[in-house]
Amino acid sequence: HYIANRKALIQTGMFKEALMANYLVIELTPRTITHWPLLLLRKLMGKKTALWGHAWPRAGRETKTDRLRGIMRKLGDKIILYTPSQADELREVMPDADLVYAANAIYYKEEMQPLDSNAPHGNSILYVGRLHKDKKPNLAVKAFALAAEKLPADAKLVFVGSGDEQIALMKQTATDLNIADRVEFKGHISDHETLKKLYHDSFVSV
């Protein structure tokens, strides 16, 4: 439940289970108010809690909001970060903390291989991700509209993903920019082979 103009949130329906869990993993997000009593009570009960997320706030490590994040980091028993570089940076500040990293990926390393460089590639421009305002997919649409005349006739802008901006984007391409015939919305796709083909059919991803 978002509160304070979406600046904070409260999570319900899970407190008892989260409090009594043998080992709990929660997001390293100070704005989730529910996390604070969970961390404090579990600390008093001698139960382990891991924090998972980015080492620093979006605005950077020198921001005021990192003070709250720092308190939360100290209350956790383990911190799971996204990258080894984040772990190294945080280790400078918290040399005694239990820090690990887990790559934010859904494929195994052996699946993440280059495409066949000898095979001809397509002319598409590919976006893979959520269609939400903070991801700015509308910029991709505007840029494509500006560049469309200089691109090959079969070049398309292909969106893979879903989100609350999709309807507005479809209207933007059809009504405002008149490029609906050159923009495709594929929806959510997680199949590795399908995505591989989409990347192969593109000359760039954004």
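Residues numbered from 1 in each chain as written. Predicted model: local features only at pLDDT ≥ 70, side-chain atom pairs only at ≥ 80, totals over all residues. Heavy atoms only, no water.

Draft legend 1. Spotlight on helix α5 (residues 137-147). Among the residues of α5, Pro137, Ala140, Val141 and Phe144 are the ones counted as buried. Seen along its axis, α5 keeps its buried residues to an arc of 100 degrees; they face one direction. Where α5 is buried, its residues meet β7 (124-128), β8 (157-160), α6 (166-176) and β9 (183-187). (Buried < 20%, exposed > 50% of the residue type's maximum accessible area, 1.4 Å probe, protein only. Helix = DSSP H or I, 4+ residues; strand = E, 2+ residues; numbered from the N terminus. Arc of directions from axis to C-beta. Contact = heavy atoms within 4.5 Å.)

Draft legend 2. Focus on a nonpolar patch on the surface. On the surface, Met20, Leu41, Leu44 and Met45 cluster together into a nonpolar patch covering about 410 Å² of accessible area. Considering each element in turn, the nonpolar patch owes the most residues, 3 residues, to helix α2 (residues 35-45). Along the chain, Leu44 falls in helix α2. (Patch = residues over 30% accessible without salt bridge, like charges linked within 9 Å, V, L, I, M, F, W, Y side chains within 5 Å. Areas by Shrake-Rupley, 256 points an atom, 1.4 Å probe, with all protein chains shown as cover. Salt bridge = Lys/Arg side-chain N within 4 Å of Asp/Glu carboxyl O.)

Draft legend 3. Seen up close, the sheet that holds strand β10 (residues 202-205). Spatially, the 4 strands line up as an open sheet ordered β9-β8-β7-β10, and their pairing is parallel. The outermost strands of the open sheet, each flanked by one partner alone, are β9 and β10. Neighbour-to-neighbour, the strand axes of the sheet open up by a mean angle of 25 degrees, direction not taken into account. Pairing geometry for β7 and β10, over 3 bridges, is parallel. Counted as the bridge partner of Leu126 is Ser205 from β10. Relative to the sheet, α5 contacts β7, β8 and β9, its axis offset from that of β8 by approximately 165 degrees. (Pairing = 2+ DSSP bridges. Axes fitted to C-alpha atoms, helices over the stretch in contact; angles between N-to-C directions.)

Draft legend 4. Expanded view of the side chain of Thr49. With respect to the element layout, Thr49 can be found in strand β4 (residues 48-52). Within the structure, the side chain of Thr49 is placed 2.8 Å from the side chain of Arg42, a separation counted as a polar contact. Contacts of Thr49, omitting those with residues within four sequence positions, involve Tyr23, Leu24, Ile26, Leu39, Arg42, Gly76, Asp77 and Lys78. (Polar contact = N/O pair within 3.5 Å; in protein donor to acceptor, adjacent residues only side chain to side chain.)

Draft legend 5. Summary view of unusual backbone geometry. Positioned with a positive phi, Asn5 is a non-glycine residue whose angle comes to about 60 degrees. Among the structural elements, Asn5 can be located in the loop between β1 (2-3) and β2 (8-9). Phi at Asn178 takes a positive value of approximately 55 degrees, unusual for a residue other than glycine. Along the chain, Asn178 falls in the loop between α6 and β9.

This is a description of form; function is not addressed.
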